[in-house]
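Chain by chain, the residues:
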Amino acid sequence: MGKLIYAANTSLDGYLEDENGSFDWSVPDEEVHAFWNEHERAIGTSLYGRRMYETMRVWEDDDWLADEPAVVREYAGIWRDADKVVYSTTLDAVSTARTRIERQFDPEAVRRLKETSSADLSIGGAALGAEAFRHGLVDECVLLLAPAVVGGGKPALPRGIRVDLELLDHGRFGNGVIYVHHAVRSGTSHVA
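The name recorded for the chain in an unreviewed UniProt entry is Dihydrofolate reductase family protein, from Cellulomonas fengjieae.

Structure representation (structure tokens):
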């Protein structure tokens, strides 16, 4: 059985992107990129909302990777090797391999996917992540806290619910990014 892991880069004040939609303050250096490579290597299926998929699909294209560091090129291969499910009512087609579209987020289908998966699953995107938290589907949460306060924008974690967590691991990178890894305590997701 696979675990569903919500993983994200976030500002210290808890945002995935600022009020202008920018996340340039969270671009990983090589050390942080290597961390994400190791994290993603254990993922068999990634669940994305449309906007997160559109951001991530750049990894399918080799053209821009030629002059990038090896750690960045390695991530592209890891990303391509994972299955991807995109939840969207507006996306007509996908442009990446190993990807399928689901028109609606079905919590029971995600539970079945977890039960039948031999690898962990990841979920990305604020809205989709919030739905998974609301339905008690998230097993673990991995956040990299960037040393930036952006003052507002898209929240990294859902509003209006309570989830009790247990710290599994933490660390610090040379660039000041802090890593926290929590397990969701069973049965603790509920509307606050």
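A. Just the overall build of the chain, in detail. The number of helices and strands found in the chain is five helices and 12 strands. Here the C-alpha atoms of the chain give a radius of gyration of 16 Å, agreeing with the 16 Å that 2.2 N^0.38 yields for 192 residues. For the C-alpha atoms alone, the extent of the chain along its principal axes is close to 45 × 35 × 30 Å. Expressed as a percentage of its 192 residues, the buried residues of the chain come to 45%. Summing over all exposed atoms, the chain offers an accessible surface of approximately 9800 Å²; the carbon and sulfur share of this is 49%.

B. Structural view of unusual backbone geometry. In the Ramachandran plot, Arg98 falls in the positive-phi region, its phi being about 60° despite a non-glycine side chain. Inspection of the secondary structure assignment puts Arg98 in the loop between strand E4 (83-87) and strand E5 (99-102). Owing to a relative accessible area of 44%, Arg98 belongs among the partly exposed residues under this scheme.

C. Representation of the environment of Ser186 in the model. Structurally, the position occupied by Ser186 is in the loop between strand E11 (178-184) and strand E12 (190-191). Exposure remark for Ser186: the relative accessible area of 74% places this residue in the exposed category. Residues Ser186 and Asp164, 22 residues apart in the sequence, show an inter-C-alpha distance of 8.5 Å.

D. Region of interest: the packing of aromatic side chains. Going through the model one piece at a time under the given rule, you end up with seven aromatic pairs. Considering the side-chain rings of Phe35 and Phe173, the 5.6 Å spacing of their centres and the 75° angle between planes classify their relative orientation as edge-to-face. Taken together, the residues span a long stretch of sequence, with Phe35 in helix H1 (residues 30-41) and Phe173 in the loop between strand E10 (165-172) and E11 at a distance of 138 residues. On the basis of relative accessible area, Phe35 is assigned to the buried category, the value being 17%. An aromatic cluster of at least three residues, connected via ring pairs, comprises Phe35, Trp36, Phe173 and Tyr179. In this structure, Lys84 is placed above the aromatic ring of Trp79, and the distance from its NZ or CZ to the ring centre is 4.3 Å.

E. Inspection of the side chain of Ser117 at higher detail. Within the secondary structure layout, Ser117 lies in the loop between helix H4 (107-116) and strand E6 (120-124). When sequence neighbours within four positions are dropped, the list of residues in contact with Ser117 reads Met1 and Gly2.

F. Layout of the sheet that holds E11. The strand order across the open sheet formed by eight strands is E5-E4-E3-E6-E1-E7-E11-E10, and the pairing between neighbours is mixed. The strands lining the two open edges of the sheet, one partner per strand, are E5 and E10. On average, adjacent strands in this sheet sit at an angle of 20° to one another, irrespective of strand direction. Examined bridge by bridge, E4 and E5 share four bridges and lie parallel to one another. If you follow Val86 over to E5, its bridge partner there is Ile101. Most of the contacts of H4 go to strand E3 (residues 43-49), to which it runs at about 165°, and overall it touches strand E1 (4-11), E3, E4 and E6. Taken strand by strand, helix H5 (residues 126-134) contacts E1, E3, E4, E6, strand E7 (140-146) and E11, and its axis lies near 125° from that of E6.

G. Up close: the UniProt feature "domain: Bacterial bifunctional deaminase-reductase C-terminal" (unreviewed entry) in the chain. Here the UniProt-annotated "domain: Bacterial bifunctional deaminase-reductase C-terminal" (unreviewed entry) positions come out as residues 3-178. The distance separating the terminal C-alpha atoms of residues 3-178 is 23 Å; by composition the span is 28% helix and 30% strand.

Conventions and cut-offs
- Note that residues are indexed from 1 along each chain, following the sequence as it is written.
- Totals for whole chains, interfaces and linings use all residues, but because this is a predicted model, local features are given only for residues with pLDDT of at least 70 and pairs of side-chain atoms are given and counted only at 80 or more.
- Side-chain numbers here rest on the full set of heavy atoms in the structure, without hydrogens or water.
- The way it works is that DSSP assigns letters per residue, a run of H or I at least four long becomes a helix, a run of E at least two long becomes a strand, and they are numbered from the N terminus.
- Radius of gyration here uses only the C-alpha atoms, and the compact-globule reference equals 2.2 Å multiplied by the residue count raised to the power 0.38.
- Classification of residues uses two cut-offs on accessible area relative to the type maximum, computed with a 1.4 Å probe and protein chains only: under 20% is buried, over 50% is exposed, and between them is partly exposed.
- Per-residue accessibility takes into account occlusion by the displayed protein chains alone, with areas from the Shrake-Rupley method and a 1.4 Å probe.
- By convention, a stacked pair of Phe, Tyr or Trp rings (six-membered ring in the case of Trp) has centres within 6.5 Å and planes under 30 degrees apart, an edge-to-face pair has planes over 60 apart, and any other such pair is tilted.
- The rule for a charge over a ring is simple: NZ of Lys or CZ of Arg within 6 Å of the ring centre, and within 35 degrees of the ring normal.
- We call two residues in contact whenever any of their non-hydrogen atoms come within 4.5 Å of each other.
- Here, a strand pair is defined by DSSP locating no fewer than two bridges between the strands.
- Axis lines are fitted through C-alpha atoms, for helices just across the contact stretch, and the angle between N-to-C directions can take any value from 0 to 180 degrees.
- UniProt positions are given in the numbering used here, feature names are shortened, and annotations may be inferred rather than shown by experiment.

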